Each structure stands twice: as structure tokens, then as C-alpha cells.
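In case you want the letters, here they are:
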Amino acid sequence: MNRVYVCSCFGITDKQVKAHADAGACTPRQIASATKAGTDCGSCVRTIQGILGRGACPRRELLEKGDAAAVLAADPILTVADGVLAPAA
């Protein structure tokens, strides 16, 4: 079994990122929330973005429809400031 480490700071592999993506995570922030990947040196964030791609994402689809309230309900680390989703303080 080949392990391809995405985040060497926390030992997170591409398979772990893909598993979280399959479970519904569709942003690097959501991966970080689940695994800590990307929260130390940050060098893996672009790799995580590449793994996540621009595929179907329920939260992204809600945002595109303008349903920020549903996105907030699904992701408690976000808030709306002046009508724009932003990380909560």
C-alpha cells in the first residue's frame, strides 16, 4: 500500500483527504477542521484544493443558489458579514 502524504506536519495522506471529501468535505477549511491538515505550515493547502477539485459540492451549490443560511447551518465555522460568507472569529 503506497502512502502519499499530503500534509507532512500531521501525517495526512491523500486517501484520508479523499475519504473526508467523500463524506462531504469540499473545502480545504473543512478538511483542516477534520484532520488539521493545512493548519501548521500551510504548504499542503494547494494540494488539498487539487484533490478536492471543482466537483459537486452541496455547500458550494447552496452558495451559488444564494442560500447562505443553509450553508451556515451546515458549517458552524462560517458567518455572514455584510452578506458575504467569512470565517467566524
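Remember, it's a predicted structure, so these values are computed and weren't measured experimentally.

The rules behind these values
Starting from 1, residues in each chain are numbered consecutively following that chain's sequence as written. It should be noted that, the model being predicted, local features are given only for residues of pLDDT at least 70 and side-chain atom pairs only at 80 or more, the latter also being counted only at that level, while totals for whole chains, interfaces and linings use all residues. Values shown for side chains rest on all heavy atoms present in the structure; no hydrogens or waters enter the calculation. Going along the chain from the N terminus, every DSSP run of H or I of four or more residues is numbered as a helix, and every run of E of two or more is numbered as a strand. In what follows, a contact means two residues having at least one pair of non-hydrogen atoms within 4.5 Å. The Shrake-Rupley method, run with a 1.4 Å probe, gives the accessible areas here. Residue values count only the displayed protein chains as cover. As used here, the term nonpolar core means buried Ala, Val, Leu, Ile, Met, Phe, Trp, Tyr and Cys residues forming a set that is joined through side-chain atoms within 4.5 Å. The rule is simple: take the accessible area with a 1.4 Å probe, protein chains only, and divide by the maximum for that residue type; under 20% is buried, over 50% is exposed, in between is partly exposed. Only the contacting stretch of a helix is used when fitting its axis, a line to C-alpha atoms as for every element, and angles between N-to-C directions run 0 to 180 degrees. Each angle gets one of four labels, with under 35 degrees taken as roughly parallel, over 145 as roughly antiparallel, 65 to 115 as roughly perpendicular, and the rest as oblique. Residue type decides the class: Asp, Glu, Lys and Arg count as charged, Ala, Val, Leu, Ile, Met, Phe, Trp, Tyr, Cys and Pro as nonpolar, and the leftover types, Gly among them, as polar.

A.B. asks: Would you mind going over the overall build of the protein in detail, with residue names and values included?
C.D. replies: What the protein contains, in helices and strands, is five helices and four strands. In sequence order, the secondary structure elements of the protein are arranged as β-β-α-α-α-α-α-β-β. The long-range fraction of contacts in the protein, counting pairs at least 24 apart against all pairs at least 6 apart in sequence, stands at 36%. With an accessible surface of roughly 5800 Å², the protein has 52% of that area assigned to carbon and sulfur atoms.

A.B. asks: Account for the nonpolar core, naming residues and giving values.
C.D. replies: In globular proteins that are soluble, nonpolar side chains generally tend to be buried together. Counting residues in each nonpolar core, the largest one holds ten residues, listed as Val6, Cys7, Ile12, Val17, Ala25, Ile31, Ala37, Cys44, Ile48 and Leu52. Looking at this core, the elements that each hand over two or more residues are strand 1 (5-7) and helix 3 (45-52).

A.B. asks: Describe the packing of helix 1 (residues 14-22) against helix 2 (residues 28-35), naming the residues involved and giving the relevant values.
C.D. replies: Running from N to C, helix 1 and helix 2 point in directions that differ by 110 degrees, and their axes come no closer than 10 Å. Judged on the interaxial angle alone, helix 2 and helix 1 are roughly perpendicular. Contacts between helix 1 and helix 2 involve Val17, His20 and Ala21 from the first element and Ile31, Ala34 and Thr35 from the second. In terms of residue class, the contact of helix 1 with helix 2 is made up of four nonpolar, two polar and no charged.

A.B. asks: Outline the environment of Gln30, listing residues and values.
C.D. replies: Structurally, Gln30 is set in helix 2. With ten residues separating them along the chain, Gln30 and His20 place their C-alpha atoms 8.7 Å apart.

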